[in-house]
Structures are given as C-alpha cells and as structure tokens.
Amino acid sequence: MKRPWLTTTTGQRWSIVLSVVISAVMVISLVSYWILQAAPRIQITQLDPNQIDYCQLNDCAPIDKLAGLELVTTPEPYLIVASEWGTNVQLRFVNHGRLEGTRELRLLLRSDKGKIIEGMTQEVTLLPKGPVLVEFFFTGFPKELQSGTLELGY
C-alpha cells in the first residue's frame, strides 16, 4: 500500500510551498484592495475657495467630486427650523462613496435677482455608514429663505 502524500517529505515540501503561495496572493490582494478602495475614501479633497461649484437645492445632482455624495430631495430637499436667533437649514445626504473625514460645504441664499443675501459655511464629518446631516444657520427668517434660492457649494 502506498503512503499518503502528506506523510512523505516531497508531499510536505509541496504543501509548504502551496501555503506560502496562497499567503502571498492573499497579502497582495489585501494591499491592492487598500490602494484601490480604502485609501481614496479617507483622502477627501478639500474645498478650493477659488473653484467652488454651486447647484440649486431643488435640482442638485450627485456630487462627483465627493464620490457621489447625494442630497436627499424627498420629501423636501431641506428642512427649515426657526429659532429665537435665526433659522436653521438642515440638509440630508447619502454617502454613496463611503467617504470618511471632514469636508467644508457652503450654502448661499440668493434673491430673485441673483444677488447674494447671505452665505454660510459648515464643516461636514463624513462617516461610511449612517445618515449625513448638515445644519446651516442663517440670521434671516423662514419667509426670507422660502422667497429666495438656496444653492449648495461644494
């Protein structure tokens, strides 16, 4: 009767070589995953004050600069909460790219004629899971916000 292959010295050598090759392939795949998938999510490009793109909140497409960060527009693109000192505007986002880190966003209130009434910046902390809520504070009243146009700067 022939001995099992693992009990021979040749079989043991081949099993060690095979395990080293499998381990090397697994390490290479982990490194390539980190380079291609995980690292870009952590390295968020910051807002350049000289090149800010704006979109109206009612028809804002997913933001390609931020890996498809999408403004939730249903049932409303924003929520207005009046307070004693001013008005808070809350925006909800879906983080499709699972970005991690902080990024500055801007919100402008423009009149019907296109004149800037007020602007606000907010630093947003993006997390890979869960909702992303951003709250901007304006000194005006809710009627003023509803009569003008709100634009998101990214």
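Please refer to the structure placed before this passage.
Overview of the structure. Keep in mind that what you see is a predicted model, and the values were worked out from it rather than measured. (Residues numbered from 1 in each chain as written. Predicted model: local features only at pLDDT ≥ 70, side-chain atom pairs only at ≥ 80, totals over all residues. Heavy atoms only, no water.)

Strand order in the open sheet formed by four strands is E1-E8-E5-E6, with antiparallel pairing between adjacent strands. The strands lining the two open edges of the sheet, one partner per strand, are strand E1 (54–56) and strand E6 (116–126). Here the average twist between neighbouring strands, direction ignored, is 25°. Pairing geometry for strand E5 (residues 101–110) and E6, over 10 bridges, is antiparallel. (Pairing = 2+ DSSP bridges. Helix = DSSP H or I, 4+ residues; strand = E, 2+ residues; numbered from the N terminus. Axes fitted to C-alpha atoms, helices over the stretch in contact; angles between N-to-C directions.)

What follows concerns the pattern of salt bridges. Counted under the stated rule, the structure contains three salt bridges. Lysine 65 is the salt-bridge partner of aspartate 53, the closest N and O atoms lying 2.9 Å from each other. Of this pair, aspartate 53 sits in the loop between helix H1 (9–42) and E1 while lysine 65 sits in the loop between E1 and strand E2 (69–71), and the two are 12 residues apart along the sequence. In this structure aspartate 53 comes out as partly exposed when scored by relative accessible area, which is 33%. On the accessibility criterion, lysine 65 (42% relative accessible area) is partly exposed. Measuring nitrogen to oxygen at the nearest pair gives 2.9 Å for the salt bridge that ties glutamate 151 to arginine 110. (Salt bridge = Lys/Arg side-chain N within 4 Å of Asp/Glu carboxyl O. Buried < 20%, exposed > 50% of the residue type's maximum accessible area, 1.4 Å probe, protein only.)

With that settled, consider the environment of glycine 97. Within the secondary structure layout, glycine 97 lies in the loop between strand E4 (87–95) and E5. Along the chain, glycine 97 and alanine 67 lie 30 residues apart, while their C-alpha atoms are 4.7 Å from each other. Other than its neighbours up to four places away in sequence, glycine 97 contacts Arg41 and Ala67. (Contact = heavy atoms within 4.5 Å.)

This brings us to the side chain of arginine 103. Relative to the elements of secondary structure, arginine 103 occurs in strand E5. For the buried arginine 103, no salt bridge is present, and the opposite-charge side chain at shortest range is glutamate 104, 7.5 Å distant. Contacts of arginine 103, omitting those with residues within four sequence positions, involve Ile44, Thr45, Gln46, Leu47, Leu66, Gln122, Glu123, Val124 and Tyr154. (Lys, Arg positive; Asp, Glu negative; His and termini not counted.)

Among the surface-exposed residues, Val27, Leu30, Val31, Tyr33, Trp34, Ile35, Leu36 and Ile42 lie close enough to one another that they form a single nonpolar patch of about 850 Å² accessible area. Within the secondary structure, leucine 30 is located in helix H1. The class for leucine 30 is exposed, based on a relative accessible area of 57%. (Patch = residues over 30% accessible without salt bridge, like charges linked within 9 Å, V, L, I, M, F, W, Y side chains within 5 Å. Areas by Shrake-Rupley, 256 points an atom, 1.4 Å probe, with all protein chains shown as cover.)

Note: strand E3 (residues 79–82) against E4, four bridges, orientation antiparallel. Looking across to E4, one finds that valine 81 is bridged to asparagine 88. Hairpin remark: E3 followed by E4, antiparallel, with four residues in the connecting loop.

Take the pairing of E5 next. What sits between E5 and E6 in their antiparallel hairpin is a turn of five residues, with glycine 114 showing a positive phi close to 95°. Bridge count between E5 and strand E8 (residues 149–153): five bridges; the pairing is antiparallel. Note that in E8 the partner of arginine 110 across the bridge is threonine 149.

Attention shifts here to the side chain of asparagine 88. Assignment of secondary structure puts asparagine 88 in strand E4. On the basis of relative accessible area, asparagine 88 is assigned to the buried category, the value being 16%. At 3.2 Å, the side chain of asparagine 88 forms a polar contact with the side chain of glutamate 135. (Polar contact = N/O pair within 3.5 Å; in protein donor to acceptor, adjacent residues only side chain to side chain.)

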